[in-house]
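Per-entry structural report
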Amino acid sequence: MNSCLTSVVSIGDKGKFQMRFLLFLFLQLGMITLVHANTSLVDSVKSKVETIWTQGDVVGYLPLYTYHMPYAYPPEKLDQYTDIPLGLGIGKGLYNNRGNWEGLYAMTFRDSHGVYQYMAGYGWIPTWNLSTNGNWRVGAGATVFMMSRQDIFNYIPFPGLLPVGSLGYKNLSLQTSFVPGGDGFGNVLFTWAKWTFK
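Residues numbered from 1 in each chain as written. Predicted model: local features only at pLDDT ≥ 70, side-chain atom pairs only at ≥ 80, totals over all residues. Heavy atoms only, no water.

**Comments concerning the overall build of the protein chain**
From N to C terminus, the protein chain includes four helices and nine strands. Ordering the α and β elements of the protein chain from the N terminus gives α-α-α-β-α-β-β-β-β-β-β-β-β. Counting all 198 residues of the protein chain, 35% fall into the buried class. A fraction of 51% describes how many contacts in the protein chain between residues 6 or more apart in sequence connect residues 24 or more apart. As displayed, the protein chain offers around 12200 Å² of accessible surface, 66% of which is attributable to carbon and sulfur atoms. (Helix = DSSP H or I, 4+ residues; strand = E, 2+ residues; numbered from the N terminus. Buried < 20%, exposed > 50% of the residue type's maximum accessible area, 1.4 Å probe, protein only. Contact = heavy atoms within 4.5 Å. Areas by Shrake-Rupley, 256 points an atom, 1.4 Å probe, with all protein chains shown as cover.)

**Quick notes on the nonpolar core**
Core analysis: the largest hydrophobic core is formed by 17 residues, its most contacted members being Tyr-61, Tyr-105, Met-107, Phe-109, Met-119, Phe-145 and Met-147. Elements represented by at least two residues in this core include exactly strand 1 (57-68), strand 3 (101-110), strand 4 (116-125), strand 6 (136-148), strand 7 (158-169) and strand 9 (188-197). For this core, the element with the most residues is strand 3, which contributes four residues. Setting aside its immediate chain neighbours within four residues, Tyr-61 contacts Leu-88, Gly-89, Ile-90, Gly-91, Trp-101, Tyr-105, Met-107, Gln-175, Trp-192, Ala-193 and Lys-194. (Core = buried A, V, L, I, M, F, W, Y, C linked by side-chain atoms within 4.5 Å.)

**Things to note about the packing of aromatic side chains**
This structure, assessed with the given rule, holds seven aromatic pairs. Between the aromatic rings of Tyr-118 and Tyr-155, the centroid separation amounts to 6.2 Å while the plane-to-plane angle is 45 degrees, which identifies the pairing as tilted. Remark: Tyr-155 occurs in the loop between strand 6 and strand 7 and Tyr-118 occurs in strand 4; sequence separation between them is 37 residues. According to the relative accessible area criterion, Tyr-118 is partly exposed, its value standing at 42%. Using a relative accessible area of 31% as the deciding quantity, one classes Tyr-155 as partly exposed. Consider the rings of Phe-190 and Trp-192, whose centres lie 5.4 Å apart with planes at 35 degrees: the pair is tilted. Grouping residues by exposure puts Phe-190 and Trp-192 together as buried. Taken together, the ring pairs connect Phe-109, Phe-190 and Trp-192 into an aromatic cluster. Over the ring of Trp-53 we find Lys-92; its NZ or CZ atom is 5.5 Å from the centre of that ring. (Phe/Tyr/Trp six-rings, centres within 6.5 Å; stacked < 30°, edge-to-face > 60°. Lys NZ or Arg CZ within 6 Å of the ring centre and 35° of its normal.)

**Section: the side chain of Ser-177**
Summarising the element assignment, Ser-177 is placed in strand 8 (residues 172-179). Here Ser-177 falls in the buried class, since its relative accessible area comes to 4%. Polar side-chain contacts of Ser-177 include one of 2.6 Å to the backbone oxygen of Pro-163. (Polar contact = N/O pair within 3.5 Å; in protein donor to acceptor, adjacent residues only side chain to side chain.)

**A few points about the side chain of Ser-166**
Following the sequence through the fold, Ser-166 ends up in strand 7. The exposure class assigned to Ser-166 is buried, which follows from its relative accessible area of 14%. Within the local environment of Ser-166, its side chain forms a polar contact with the side chain of Gln-175, the two groups lying 3.2 Å apart.

**A word on the confidence of the model for the protein chain**
Looking at the protein chain, the pLDDT average stands at 86 and 80% of residues meet or exceed 70. pLDDT under 50 marks residues 1-12. Its contacts with residues more than four places away, or in other chains, come to six contacts. (pLDDT = per-residue confidence, 0-100.)

**Points about a nonpolar patch on the surface**
There is a patch of nonpolar side chains on the surface, built from Leu-62, Leu-64, Tyr-65, Tyr-67, Ile-84, Leu-86, Leu-88, Tyr-116, Tyr-118, Tyr-155 and Leu-174 and spanning about 990 Å² of accessible area. Inspection of the secondary structure assignment puts Leu-62 in strand 1. (Patch = residues over 30% accessible without salt bridge, like charges linked within 9 Å, V, L, I, M, F, W, Y side chains within 5 Å. Salt bridge = Lys/Arg side-chain N within 4 Å of Asp/Glu carboxyl O.)

**Describing the pairing of strand 6**
Direction of pairing for strand 4 relative to strand 6: antiparallel, over a ladder of seven bridges. Counted as the bridge partner of Gly-123 is Thr-143 from strand 6. Looking at chain direction, strand 5 (residues 127-129) and strand 6 are connected through three bridges and run antiparallel. From the neighbouring strand, Thr-127 faces strand 6, where its bridge partner is Gly-139. Counted along the chain from strand 5 to the antiparallel partner strand 6, the turn is six residues long, and its residue Gly-134 has a positive phi close to 80 degrees. (Pairing = 2+ DSSP bridges.)

In structure tokens:
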């Protein structure tokens, strides 16, 4: 077993890709096993998706800005990165009976290297009204998604979970998410606009 693992790792980039791919498969198998073990969870997710899809409003997304935390990158790297993530997204969303926003979405935008990436997921944002008429809202929640990037698994989709903050006025919301990381990766604040068509 160890010699097999050593031979895979020693073949360079191809070996790294194989190891990442195996890790991805094991994670997916674990998730599938977990879901099959809990059919009530599957029914709950199915019901939620159906409600959002049939009762939700159409939502448009416009990626606005990618801020790379300066403490995580040398200046020469920051100069090479793209801050404007040209792209678009579409989805459906609604405010549930507790006043929290829930939605399904698909989005594509340029990553830090200027290469397009793709994601689709579910967002949940507990929301509080800042005004008596309900026009101004603030929220904080999370999104769970599948993403596909050239530099991670060569576009093989992988799962993710990120926090989301939101400030909204009527149909327009400005939302942001922090992508954690280490030295030279991650540590990015990604901001987009969300417009609800009503």
